[in-house]
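# Fold and geometry: a report
Residue-level listing of the chains:
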Amino acid sequence: MALGFTGGILVEGTLCYLALGVIATIIGLIFFAKPTPATSKADATSLTLVTVWVSVVCMWAMWAMAYMHQMIPLIYPQH
């Protein structure tokens, strides 16, 4: 019985990437979002959030596409 795209590992992997994003956000805001003479604390926080979440979404998309490609291959093995 196939679960399709919405079952099993795909959902669990998505939740793992969500957790990774939350942890990276907390670490980024604590250790890296510092005001400098050129930027304010609000600018540094915004840049940190954008960087973390764009990175997490890109990593998730690459993982999800590679995983789904294995579920339904475009080229079948030659026997």
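Heads up: the structure comes first, above all this text.
Residues numbered from 1 in each chain as written. Predicted model: local features only at pLDDT ≥ 70, side-chain atom pairs only at ≥ 80, totals over all residues. Heavy atoms only, no water.

Next up on the list: the overall build of the protein chain. A tally of regular secondary structure across the protein chain gives two helices and zero strands. Radius of gyration (C-alpha) of the protein chain: 18 Å, far over the 12 Å computed for a compact globule of 79 residues. By principal-axis analysis of the C-alpha atoms, the protein chain measures approximately 65 × 25 × 15 Å. Within the protein chain, contacts between residues at least 6 apart in sequence are counted, and of these 69% link residues at least 24 apart. Total accessible area computed for the protein chain in this model is approximately 6200 Å², and 77% of it derives from carbon and sulfur atoms. (Helix = DSSP H or I, 4+ residues; strand = E, 2+ residues; numbered from the N terminus. Rg over C-alpha atoms; globule rule 2.2 N^0.38 Å. Contact = heavy atoms within 4.5 Å. Areas by Shrake-Rupley, 256 points an atom, 1.4 Å probe, with all protein chains shown as cover.)

This part takes up the side chain of Thr48. Note that Thr48 resides in helix H2 (residues 41-71). The class for Thr48 is buried, based on a relative accessible area of 12%. In contact with Thr48, not counting residues within four places along its chain, are Gly28, Leu29, Phe32 and Ala33. (Buried < 20%, exposed > 50% of the residue type's maximum accessible area, 1.4 Å probe, protein only.)

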